[in-house]
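# Residue-level structure breakdown
The primary structure of each chain is shown beneath.
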Amino acid sequence: MWLVECAARSGVLVVGLFVTTGLWDWLPARWWAVGAALVLAAGYVALVPLWRFAVHRWEVTETAVYTQRGWWTRERRIAPMSRVQTVDLTQGVLARAFGLASVTVTTASAAGPLRIEGLDRVVALRLVDDLTSKAGLVEGDAT
Amino acid sequence: MTDLGPEPWLRLDPRMLLVHPVREVVRFLPALVGLLVAGGASGAGAWTLLGVVVPVGLGVVRYLTTSYRIAAGRVELRRGLLRRHTLSTPIDRVRTVDLSATLVHRVLGLSTVVLGTGSVSADADERLELDALPQPQAVALRGQLLQAGRSTESASDGTPATALPSRTVARFEPRWLWYAPFTGAGLVAAAALIGALAQGMEMFDLRVALSEEDVSTVTGAVAVTALLTVLVLSAALAVIGYLVLNWGFTLSQEGGAWHVRRGLLTTRETSLDEARVAGVARGEPAALRLARGARLSAIATGLERSRERSILVPPAPAGIVAVAASEVLGTAAPMHAPLRPHGRAAVRRRYTRALTGSVPFVIGTAGAVAAGASVWWLLVAVVAVCVALGLARDRALALGHCLVDGFVVTRSGSLLRQRDALATGHVIGWTFRDSWFQRRVGLLTLEATTAGGRGRVGVPDVPAAEAIELADACVPGLVSQFTAPSRS
């Protein structure tokens, strides 16, 4: 399977970021502080989701799962299929509104769950099925 | 659960009837004292009796309701009176066996058995704990469990594990006590003691009246004496703590497992299945390094986040630690091989980061001097910069990685320097992390994830190409399949 791009993630992030800006306004600060915060937040809302969208990638092959996420700090994780322990599909309220879902792939390590966010629901379901069947094919206890 | 086989359920040792009540009485001691006082005042002795009967009763109930058995390849533990709780785990999932005995246990010849299964759950209810069995029976159980786990795992091995003789790799020597004050544990203990004292003084209203005059009479000599007292106190506490924890320490290999035995009052015996030891971590905090000491802990499944149990060698001479490490890993190379330095960019990054930390000091003191403070305040800034430079130099020297004899070896840190060696077979994934600054100079933080220990072994600021090369060399074919399409 080759590199697949996912769609419509930024919408979720924009809404999420508007919520944070709303919270900032509640702070008792002077008008220029609020103004500066608003400008910063506007820049954040305009740029970061796009940046994030540009960075986020995922890829599944016969033997491994690979994810890339983050924006300022970029994180790339690779887990071999033989070490996959569980595959979770989660959908928050916002994600459901947009018809999206995230997939979390956990391994035996405490440090390395692989998360793929903002997938189209249908794609996510297919991915989960795909991963479970592939992980099931490999022998061993995954530790 | 009950149809697994005719294997009978076994009880814990009846002598626990003595241990449980004693422990319960201790736990109920505040209530007991209260009852005694109240009883004495009102003249009612019956309440006092109740205070003794309830804990004893609890102990009896616990004894009667706890039972365990080993049947059909599973270990099962049943406990609880009102809430029955049955735990069951396959024997081949038992990674570590821990025997410990408190003073009371030792007097009665008992020990507690705790089985580590590599489960991530930290719930106390989910712990497989047998408290307690007679000492010989506990040892026999340990042998049985560890051997059963191995025989199902690698039946092709052929050699019976019991044929291997017991071999001691490291043993406690009184001169190790020299390293105790360099561990920082004493400082923590001293701080705790001082805190407790202060609280006690407050409780009894022994407030020391400090007036302005008193403060002005505190001269340098007094301050130095106070500092010395704290130092001596913390050193003494560290030595005592070290003695209590590590007295009689031995690290030995027996029957395909590593056994760590230690403790003055409460003895602990941790057994690690050899196949489960993924690697070792050698910690060299700055102070300990000055004293030419080091400590060693295991990276193994079944020991998640419990530092106490993963210790292989407590703070000890570096030579002994090196010998123990090479014995455990089966090769001396990971601890001695020269590491590959990370290049100029990584070194420069160490200096920038350390100097950034000292910037607030410089700005602060410069501002103060400009506002009319004594010029001597600038000394603080100079000291801060010097410390930062020293740290940066040390950290830059520490950075390194290599792949030798099937182990990924990484080293980093200055105040808490650590050299980790992880067998490539236990690497279950890779994480590459790079911030914008790191990307600009082509570095990234490389982490190998594993099932044991903290779950990862990592080193910062590896040149990107080298990191990918290393990851690819460790687990062939895993990384390269992703680099080809997205990088070409």
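Residues numbered from 1 in each chain as written. Chains lettered and ligands numbered in written order. Predicted model: local features only at pLDDT ≥ 70, side-chain atom pairs only at ≥ 80, totals over all residues. Heavy atoms only, no water.

Under an unreviewed UniProt entry, chain B has the name YdbS-like PH domain-containing protein and belongs to Nocardioides gansuensis.

Named according to an unreviewed UniProt entry, chain A is YdbS-like PH domain-containing protein originating from Nocardioides gansuensis.

## Some remarks on the overall build of chain A
Rule in force here: By the criteria applied, helices consist of DSSP H or I runs no shorter than four residues and strands consist of E runs no shorter than two, each listed in order from the N terminus. Buried residues are those whose accessible area, probed at 1.4 Å on protein chains only, stays under 20% of the maximum for their type, while exposed residues exceed 50% and partly exposed ones sit between those limits. Residues count as neighbours in contact if any of their non-hydrogen atoms are within 4.5 Å of one another. Computed by Shrake-Rupley with a 1.4 Å probe, the accessible areas treat only the displayed protein chains as cover when residues are assessed.
Tallying secondary structure elements over chain A gives four helices and six strands in all. Counting every position in chain A, which comprises 143 residues, the buried fraction comes to 39%. Considering only contacts in chain A between residues 6 or more positions apart, those separated by 24 or more positions represent 47%. Per element, the accessible surface of chain A, about 7800 Å² overall, is 66% carbon and sulfur.

## Considerations on the overall build of chain B
Along the backbone of chain B there are 17 helices and 20 strands. Counting every position in chain B, which comprises 488 residues, the buried fraction comes to 42%. Sequence-distant contacts in chain B: of pairs separated by 6 or more residues, those separated by 24 or more amount to 59%. Accessible area for chain B stands at about 24900 Å²; split by element, carbon and sulfur atoms hold 66% of it.

## Regarding helix 8 (residues 220-246) of chain B
What counts, and what does not: Expected span, for any helix, means 1.5 Å times one less than how many residues it has.
Relative to the 39 Å expected for 27 residues at 1.5 Å per residue, helix 8 of chain B spans 38 Å between its end C-alpha atoms, a close match to the ideal helical length. Within helix 8 of chain B, burial applies to B:Ser234, B:Ala238, B:Tyr242 and B:Asn246.

## Focus: helix 11 (residues 318-329) of chain B
Over its 12 residues, helix 11 of chain B runs 16 Å from end to end, which matches the ideal 16 Å to within 8%, given 1.5 Å per residue. Just past helix 11 of chain B, the residue B:Gly330 takes up positive phi, approximately 85°.

## Description of the nonpolar core
Looking at soluble globular proteins, one finds that nonpolar side chains tend to be buried together. Residues and elements named next belong to chain B. Our working definition: In these notes, a set of buried Ala, Val, Leu, Ile, Met, Phe, Trp, Tyr and Cys residues joined through side-chain atoms within 4.5 Å is what counts as a nonpolar core. Each domain's extent was defined by an automatic or database domain assignment.
Counting 38 residues, the largest nonpolar core has Trp-176, Phe-249, Leu-251, Val-280, Leu-296, Leu-312 and Val-313 as the members making the most contacts within it. It is helix 11 that contributes the most residues to this core, six residues altogether. Both domains that meet at this core, namely domain 2 (166-330) and domain 3 (331-487), each give it at least three residues. Discounting chain neighbours no more than four positions away, the residues touching Val-313 are Trp-176, Phe-249, Leu-251, Arg-295, Leu-296, Val-321 and Ala-324.

## Details of the pairing of strand 3 (residues 74-80) of chain A
This is how it is decided: Paired strands, as defined in this entry, are two strands with at least two bridges between them according to DSSP.
Within strand 3 of chain A, seven of the seven residues are buried, leaving the element largely enclosed by the surrounding structure. Residue alternation in strand 3 of chain A divides its side chains into two sets, A:Arg74, A:Arg76, A:Ile78 and A:Pro80 and A:Glu75, A:Arg77 and A:Ala79, and both sets are buried. Bridge count between strand 2 (residues 64-70) of chain A and strand 3 of chain A: seven bridges; the pairing is antiparallel. Looking at strand 3 of chain A, one finds that A:Gly70 is bridged to A:Arg74. Linking two consecutive strands that pair antiparallel, namely strand 2 of chain A and strand 3 of chain A, is a turn of three residues. Pairing of strand 3 of chain A with strand 18 (residues 429-434) of chain B, which is carried by five bridges, proceeds in the antiparallel orientation. Bridged to A:Arg77 within strand 18 of chain B is B:Thr431.

## A look at the sheet that holds strand 13 (residues 293-300) of chain B
All names here are of chain B. Using the following cut-off: To get an axis, a line is fitted to the C-alpha atoms, and for a helix only the part in contact is used. The angle between two axes follows their N-to-C directions and goes from 0 to 180 degrees.
The strand order across the open sheet built from six strands is 14-13-12-17-16-15, with neighbouring strands paired in antiparallel fashion. A strand with exactly one partner marks an edge of an open sheet, and here the two such strands are strand 14 (311-317) and strand 15 (400-404). Strand-to-strand twist across the sheet, computed as the mean angle between neighbouring axes with direction ignored, equals 15°. Both strand 12 (residues 277-285) and strand 17 (residues 416-423) contribute to a ladder of seven bridges, which runs antiparallel. Residue Arg-282 lies in a different strand from strand 17, and its bridge partner there is Arg-419. Here helix 14 (residues 378-398) sits on the sheet and contacts strand 15, strand 16 (407-412) and strand 17; the angle it forms with strand 16, its principal contact strand, is near 175°.

## Considerations on the side chain of B:His259
Using the following cut-off: What qualifies as a polar contact is a pair of N or O atoms within 3.5 Å, subject to a donor-acceptor requirement within protein and to the restriction that residues adjacent in sequence count only when both atoms come from side chains.
Take B:His259: it is sitting in strand 10 (residues 257-262). Within the structure, the side chain of B:His259 is placed 2.7 Å from the side chain of B:Ser271, a separation counted as a polar contact.

## A word on the pattern of salt bridges
Rules: Should a side-chain nitrogen of Lys or Arg be within 4 Å of a carboxyl oxygen of Asp or Glu, the pair is scored as a salt bridge.
Across all of its chains, the model carries 18 salt bridges over all chains by this definition. The salt bridge involving A:Arg74 is made with B:Asp434; its shortest N-O contact spans 3.1 Å. In this pair, A:Arg74 is assigned in strand 3 and B:Asp434 in strand 18, connecting two distinct chains. Judged by its relative accessible area of 3%, B:Asp434 is buried. The salt bridge involving B:Glu269 is made with B:Arg261; its shortest N-O contact spans 3.3 Å.

## Comments concerning the UniProt feature "transmembrane region" (unreviewed entry) in chain B
Spelled out, the test is: UniProt positions are given in the numbering used here, feature names are shortened, and annotations may be inferred rather than shown by experiment.
Residues annotated by UniProt as "transmembrane region" (unreviewed entry) correspond here to residues 28-61, 176-198, 218-245, 351-369 and 375-392 of chain B. Annotation note: span residues 375-392 of chain B, helix share 83%, strand share 0%, distance between end C-alpha atoms 27 Å.

## Topic: unusual backbone geometry
All names here are of chain B. Even without being a glycine, Arg-292 presents a positive backbone phi close to 60°. Note that Arg-292 resides in the loop between helix 9 (286-290) and strand 13. Arg-292 sits in the exposed class, given a relative accessible area of 65%. With phi around 55°, Asp-461 is a residue other than glycine that occupies positive phi space. Residue classification places Asp-461 among the buried residues on the basis of a relative accessible area of 1%.

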